[in-house]
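Descriptive analysis of the structure
These are the residues of each chain, in order.
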Amino acid sequence: MDKVYVFDTTLRDGEQVPGCQLNTAEKVVIAKELERLGVDIVEAGFPISSPADFMSVQEISKAITEPVICALSRSVRKDIETAAESLKYAKRKRIHTGIGVSDFHIQHKFRSTHDKILEQAIEAVKFAKSLVEDIEFFCEDAGRANLPFLARMVEAVIANGATVINIPDTTGYCLPQDYGGKIRYLFENVKNIHKAIISVHCHNDLGLATANALSGLQNGARQVECTINGIGERAGNTSLEEVVMAIKTHQELGLETAIKTQRISTMSKMVSSMMNMPIQANKAIVGANAFSHSSGIHQDGVLKKRENYEIIDPVDVGIPNNKIVLTARSGRAALKHTFATLGFDLSNDELEIAYQQFLIIADGNKNITDQVLIDLITNLRVNREEFTKV
Ligand code: KIV
Ligand code: ZN
């Protein structure tokens, strides 16, 4: 099995959605949950964009240790310096810099020429490399770029120190075969390509983000950029839960990720609630109806054997099949157990506070749903988040 690195950009591309903005404490709580989920890289923000984003990248860098922490920058010295500064405390750090590479962006966004853009990209990579070892380069609007120029760009930035190359379909334009074909073209035409990991970053404007990402992986890419619940600019990004479960379900692809899939449902509910982004009921993997069966024929079939109508065991994505019903008469043990089934190991003092809050909610609320409990523990953790002074 070949490992696919999971690069989560919920806190950067996902957070660009209007109305989804989070404060630093909320971002730290999500980043800690992403670490538990097993993502390899957390894109924590775009530090030059605002002092708050800078602070979030800095605090996430202090708070989590396993994943690589990544900060976005344009191919501009000041951006790159600020990104490096925000990553000062990260145990494992990456700068993600890049530039538009399509004729469209070169002519109408930068009003520049291919040669000048190439030069700017090389300068940016060299400068970033002088500050941080791990450099990812994004070729913005690669989905609509001229392929020979894209190949020239990829070869040049690898030669100057980029170790991961992101090929974004920024506008969500590509069809799966075309997108996969672009990745294959790069493998066939860039002579130093084996020195870098190729990353897929697909937007969902035509509802093809997951299909395109998978097609890129089938053609040699080994990093996928994605967000929880597929949130992101416009129609969103590849959703983490979809691409991860597609890889797990289709073993014949010969790919695997390090994601602890049983944590997916909780992660999804946490992000939806904190970002004020409801999940559509029929959303694959995490929608309320993703594992419910309503027609008589399907109900009969699934009762005879679950696999008749389900390709994924709900338990594999963290939907427990036996539940304790919580009421105001429930004790601490039942509450602790229910939180554990949702993926939260509560410390004793967290349990005590959570229990007192739970009793107040339970007294006035007949139905204690998973979402109620996830909101309770998330708010509790956000309120107790203390930024460590270094
Ligand atoms: O979609 C895109 O091109 C991006 C880049 C900034 C990586 O999000
Ligand atoms: Zn994007």
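For the structure, see preceding data.
We now turn to the structure provided with this report. (Residues numbered from 1 in each chain as written. Chains lettered and ligands numbered in written order. Predicted model: local features only at pLDDT ≥ 70, side-chain atom pairs only at ≥ 80, totals over all residues. Heavy atoms only, no water.)

Another aspect to go through is the pattern of salt bridges. Within this structure, the stated rule accounts for 28 salt bridges. Between arginine 12 and aspartate 13 there is a salt bridge; the shortest N-O distance is 3.5 Å. Salt bridges sharing common partners tie together Lys305, Arg306, Glu307 and Glu310. (Salt bridge = Lys/Arg side-chain N within 4 Å of Asp/Glu carboxyl O.)

This brings us to the environment of alanine 128. Relative to the helices and strands, alanine 128 is located in helix H5 (residues 114–131). C-alpha separation for the pair alanine 128 and alanine 84, spaced 44 residues apart in sequence, amounts to 7.9 Å. (Helix = DSSP H or I, 4+ residues; strand = E, 2+ residues; numbered from the N terminus.)

What follows deals with the coordination of the zinc ion (ligand 2). The protein atoms that coordinate the zinc ion (ligand 2) are Asp13 (OD), His201 (NE2) and His203 (NE2), at distances spanning 2.1 Å. For the zinc ion (ligand 2), the single-chain donor residues occur in sequence as D-x187-H-x1-H. Residue aspartate 13 is found in the loop between strand S2 (5–8) and helix H1 (24–37), and its partner histidine 201 is found in strand S8 (residues 197–202); the two are separated by 188 residues along the sequence. Residue classification places histidine 201 among the buried positions, given a relative accessible area of 4%. (Donors = N, O, S within 2.8 Å, 3.2 Å for Na, K, Ca; no water. Buried < 20%, exposed > 50% of the residue type's maximum accessible area, 1.4 Å probe, protein only.)

Looking now at the side chain of glutamate 241. In this structure, glutamate 241 sits in helix H9 (residues 240–249). Look at glutamate 241 and you get buried, because its relative accessible area is 2%. Among the polar contacts listed, one links the side chain of glutamate 241 to the side chain of lysine 283, at a separation of 3.0 Å. Beyond its immediate stretch of four places on either side in the chain, glutamate 241 contacts Thr227, Ile228, Asn229, Gly230, Ile264, Lys283, Ala284, Ile285 and Val286. (Polar contact = N/O pair within 3.5 Å; in protein donor to acceptor, adjacent residues only side chain to side chain. Contact = heavy atoms within 4.5 Å.)

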